[in-house]
Amino acid sequence: MAHDHAHSHSEDHGHSEDHGHSHDHGHDHDHSHSHSHGLGGHHHHGPVDTGDWRYAVGLIVNLAFVAVEFGAGVISGSTALMADAGHNLSDVLGLAMAGGAAWLARRTAVAAKTYGYGKATILAALFNALLLIFACGAIVFEAIRRLNEPAHVASTTVMIVAGIGFVLNLGTALLFLKDQHKDLNVRGAYLHMMADAGVSIGVVIAGAAILFTGWTIIDPLVSLLIVAVIMIGTWGLLKDSVNLALDAAPRGVDVTAIRTALLALPGVTAVHDLHVWGLSTTDTALTAHLVHDRPDADALLIEAQTLARKRFEISHTTLQLESGVLPDCPDC
């Protein structure tokens, strides 16, 4: 459900008052601020219902598995299982951050935080990408060490525990599958769990190969291959989260197309100070100054807001209308 709050004040500078303040300087300003909660714009989709239950289920299941896996590693003497338990623990931390950020994003804005806590989802996505990179680095370090110092692998135990881990991680990842292209924060959680599922199935395959061939070198080689696959997916997450943290336009939002569409509105002669950025991993904001020659400024505001919301799915718009040419004013 969407609802818009728009207000405008016009300075027509002819000592007449119409919904605002009047002064005589030869141009007018109409300011409109629109919030449309429920039609947010990352990847041109509505915001995700990031129910806490998904994160809670993922946390409980995976934290329990980390304890079981580490215990199995100690009992079997498998450093591979203990190392994978450490990697899984980093993913539990990633899920905790993603879930915490989703909860923060739903909190009401306060006086000191007028945009609310939506940015927490962007920061969580960024930290999740960095955690994945760190986990990959740890796997590479261990794999290289095992290439130089081959170690005995308890193949059967490794296969059983890793198989259980694959089922649990894949099941958790599927909880986030539907929304992973709509919300970067959800995508971070999804990639974490898919990375774990990939590592687990790789360990199962490596364990089976070692069981039948006795070649312990297979284990670190498979680990390096898995790292390469994880890094391919993580790169896109890192790039998108850094861009959003720097207030760049979200991926899938064409700023040039927005400028062209605003210029095409009847009576609009120029568009300047156009800015588009992500308020969160699902909500996009826009500010712009529109120079126009129309007498019906209120109608133009409605047209521009509707265009931004319906065509580009931008949930927060702040527009300033200007009639005539403004003098040079770098601070305006």
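Residues numbered from 1 in each chain as written. Predicted model: local features only at pLDDT ≥ 70, side-chain atom pairs only at ≥ 80, totals over all residues. Heavy atoms only, no water.

(A) Main features of the overall build of the chain. Broken down by element type, the chain carries 8 helices and 4 strands. Along the chain direction, N to C, the helices and strands of the chain fall in the order β-α-α-α-α-α-α-α-β-β-α-β. Evaluated residue by residue, the chain yields a buried proportion of 47% over its 332 residues. Within the chain, residue pairs in contact and separated by at least 24 positions form 71% of the contacts whose partners lie at least 6 positions apart. For the chain, the exposed area adds up to about 15,900 Å²; of that, 66% sits on carbon and sulfur atoms. (Helix = DSSP H or I, 4+ residues; strand = E, 2+ residues; numbered from the N terminus. Buried < 20%, exposed > 50% of the residue type's maximum accessible area, 1.4 Å probe, protein only. Contact = heavy atoms within 4.5 Å. Areas by Shrake-Rupley, 256 points an atom, 1.4 Å probe, with all protein chains shown as cover.)

(B) A look at unusual backbone geometry. In this model, Asp247 sits at a positive phi of 60°, which is unusual for a non-glycine residue. Residue placement: Asp247 occurs in the loop between helix 6 (218–245) and helix 7 (255–263). With a phi angle near 55°, Glu313 is a residue other than glycine that sits in the positive phi range. In this structure, Glu313 sits in the loop between helix 8 (297–312) and strand 4 (316–323).

(C) Local environment of the pairing of strand 3 (residues 284–292). For strand 3, the buried fraction is high: 8 of the 9 residues fall into the buried class. Two strands pair when backbone bridges link them, and strand 2 (residues 268–278) and strand 3 are joined in this way by 8 bridges, in the antiparallel orientation. Counterpart to Ala270 in the pairing with strand 3 is Val291. Two successive antiparallel strands, strand 2 and strand 3, enclose a turn made up of 5 residues. Relative to strand 4, strand 3 runs parallel, the two being bridged by 8 bridges. Paired with Ala285 across the two strands is His316, which belongs to strand 4. For the segment spanning strand 3, helix 8 and strand 4, crossover handedness is right-handed. (Pairing = 2+ DSSP bridges. Right-handed = clockwise from strand over helix to strand, strands pointing away.)

(D) Local environment of the packing of helix 7 against helix 8. Where helix 7 meets helix 8, the axes come as close as 11 Å, and the angle between the chain directions of the two elements is 145°. Taken as a pair, helix 7 and helix 8 cross one another with a handedness that is right-handed. Along its contact with helix 7, which presents Ala257, Ile258, Ala261 and Leu262, the element helix 8 presents Ala304, Leu307, Arg311 and Phe312. (Axes fitted to C-alpha atoms, helices over the stretch in contact; angles between N-to-C directions. Left-handed = near helix turned anticlockwise from the far one by under 90°.)

(E) Local environment of the pattern of salt bridges. This model, assessed by the stated rule, comprises 5 salt bridges. For Asp240, the salt bridge identified is with Arg187, shortest N-O distance 3.0 Å. A residue pair is termed long-range when its members are at least 10 positions apart, and Asp240 in helix 6 and Arg187 in helix 5 (residues 184–213) qualify at 53 residues. Each member of the pair, Asp240 as well as Arg187, carries the same accessibility label: buried. Here Asp240 and Arg251 are joined by a salt bridge, their closest N and O atoms 2.8 Å apart. Linking Asp240 in helix 6 with Arg251 in the loop between helix 6 and helix 7, this pair joins segments that are 11 residues apart in sequence. Overall, Asp240 belongs to the buried group, its relative accessible area being 6%. (Salt bridge = Lys/Arg side-chain N within 4 Å of Asp/Glu carboxyl O.)

(F) Region of the structure containing a nonpolar patch on the surface. Residues Leu63, Leu89 and Leu93 make up a contiguous nonpolar surface patch of roughly 270 Å² in combined accessible area. Along the polypeptide, Leu63 turns up in helix 1 (residues 52–76). (Patch = residues over 30% accessible without salt bridge, like charges linked within 9 Å, V, L, I, M, F, W, Y side chains within 5 Å.)

(G) Up close: the environment of Leu286. Its location among the elements puts Leu286 in strand 3. Judged by its relative accessible area of 2%, Leu286 falls in the buried class. Among all residues touching Leu286, those that are not within four sequence positions of it are Ile258, Leu274, His275, Val276, Trp277, Ile314, His316, Thr317, Thr318 and Leu319.

(H) Spatial organisation of helix 4 (residues 155–177). In this model, helix 4 (23 residues) spans 31 Å end to end at C-alpha, consistent with the 33 Å of a helix rising 1.5 Å per residue. Taken together, the buried positions of helix 4 are occupied by Ser155, Val158, Val161, Ala162, Gly165, Asn169, Thr172, Ala173 and Phe176. (Expected span 1.5 Å × (residues − 1).)

Any link to function would need more than the numbers given here.
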